[in-house]
Amino acid sequence: MHGYFAVALSGGSTPAALYALLADNAYSCRLPWDKTQLFWGDERCVPKQSPNSNYHMVHNALLSKISIPSENVHPLVGQDQDPLQAATQYASTICSVLKPEKYPRFDLILLGLGIDGHTASLFPGTTALAETSKLVVATYVDRLKSYRITLTLPVINNARNLIFLVSGANKQEILPTVLAAPNMALPASLILPTNGNLEWIVDEAAAGGLNL
Ligand code: 6PG
C-alpha cells in the first residue's frame, strides 16, 4: 500500500451527517487522521466562509472537531481566483500528493446525487462530461448562473472505492433512471469504476421508487 488514505469528500447537505458521525469521539479517535489526505470532489466558486461552500460544510461538521495535520487537508479554493486557474492548481495539488502516472487513484470518493442526475459538479449538458485529459475542470452551470470546479469522470472512475450517499424523497424519481443504464444526460449514471468498487447508500425515502 501507499501509506496514506486519500479521500475526496462530497458536498451538498446529505454527507454532513456522515462527517458529523466521523467527528464523534466514538469514531474519530479510531481513525488515522495523520495518514488521511482529505480532498474535495467539487466546490462552488464562493468564499470558504460562505454557507454554500463545501469546505465550510465539512469544516463545521468535521474539520473543526478532529485533529488532522493541516498539511493533510487540501481545500479546493473556488474563490479569489479565476475558476480555470483554480482547477489547474487543484489538479497540481492532487498530483503532488497522489503522484499519479496518468489519472490519480483516490482510495475513496464520496458522491451525492442531484435531482437532475448530476454528481460532484458534473451537470447534464456541460462540456465537463466529455473531458478525458484534464483531472479537474471549471464548469459554468447555466441553471445555477455560477461556476463550479469538479473532478472529471476519468479521475472519479479511477478510484478504488466510490460511494454514493443518497437521501430524501426528492431523489425517488431520478434514482431508478440513473441506476438503469449509462446515459450522457445523467452524469451520475456515468460513474462506472474502471477497477474499483461502487456502492450506493440510499435511505428509505430515496429508495421509494426502486423495485427492491
Ligand atoms: C455539491 C455536491 C453535489 C451534491 C448533490 C446532492 O457541491 O452540491 O457535490 O453533487 O452531492 O447536489 O446534494 P444533496 O445530497 O444535498 O441532495
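Anything mentioned here points back to the structure above.
Residues numbered from 1 in each chain as written. Predicted model: local features only at pLDDT ≥ 70, side-chain atom pairs only at ≥ 80, totals over all residues. Heavy atoms only, no water.

A.B. asks: When you look at the overall build of the protein in this model, what are you seeing that I'm missing?
C.D. replies: A tally of helices and strands in the protein yields 6 helices and 8 strands. Helices (α) and strands (β) of the protein occur, in sequence order from the N terminus, as β-α-α-β-β-α-α-β-β-β-α-β-α-β. On C-alpha atoms alone, the protein measures out to a radius of gyration of 16 Å, which is about the 17 Å that the 2.2 N^0.38 rule sets for 212 residues. Each principal axis of the C-alpha distribution contributes one length, and for the protein these read about 45 × 40 × 35 Å. Burial analysis of the protein (212 residues in total) assigns 48% to the buried set. Of the contacts made within the protein by residues no fewer than 6 positions apart, 75% connect residues no fewer than 24 positions apart. About 10300 Å² of surface is accessible on the protein, with carbon and sulfur atoms providing 54% of the total. Between the averaged position of the 14 positive side-chain charges in the protein and that of its 16 negative side-chain charges there is a distance of 3 Å. (Helix = DSSP H or I, 4+ residues; strand = E, 2+ residues; numbered from the N terminus. Rg over C-alpha atoms; globule rule 2.2 N^0.38 Å. Buried < 20%, exposed > 50% of the residue type's maximum accessible area, 1.4 Å probe, protein only. Contact = heavy atoms within 4.5 Å. Areas by Shrake-Rupley, 256 points an atom, 1.4 Å probe, with all protein chains shown as cover. Lys, Arg positive; Asp, Glu negative; His and termini not counted. Charge placed at Lys NZ, Arg CZ, Asp CG, Glu CD.)

A.B. asks: Where do I start with the site of the ligand in this structure?
C.D. replies: Taken together, the neighbourhood of the ligand is formed by 15 residues, with Ser13, Thr14, Arg44, Ala120 and Lys171 sitting nearest. A distance of 3.5 Å is found between an oxygen atom of the ligand and a side-chain nitrogen or oxygen belonging to Ser10. One of the side-chain N or O atoms of Asn54 is found 2.9 Å from an oxygen atom in the ligand. Considering the ligand on its own, with 420 Å² of exposed area, one finds that the protein chains cover 89% of that surface. Residues belonging to the shell around the ligand are distributed by class as follows: 2 nonpolar, 9 polar and 4 charged. (Near = heavy atom within 4 Å. Polar contact = N/O pair within 3.5 Å; in protein donor to acceptor, adjacent residues only side chain to side chain. Nonpolar A, V, L, I, M, F, W, Y, C, P; charged D, E, K, R; others polar.)

Coordinates in, geometry out; function isn't part of it.
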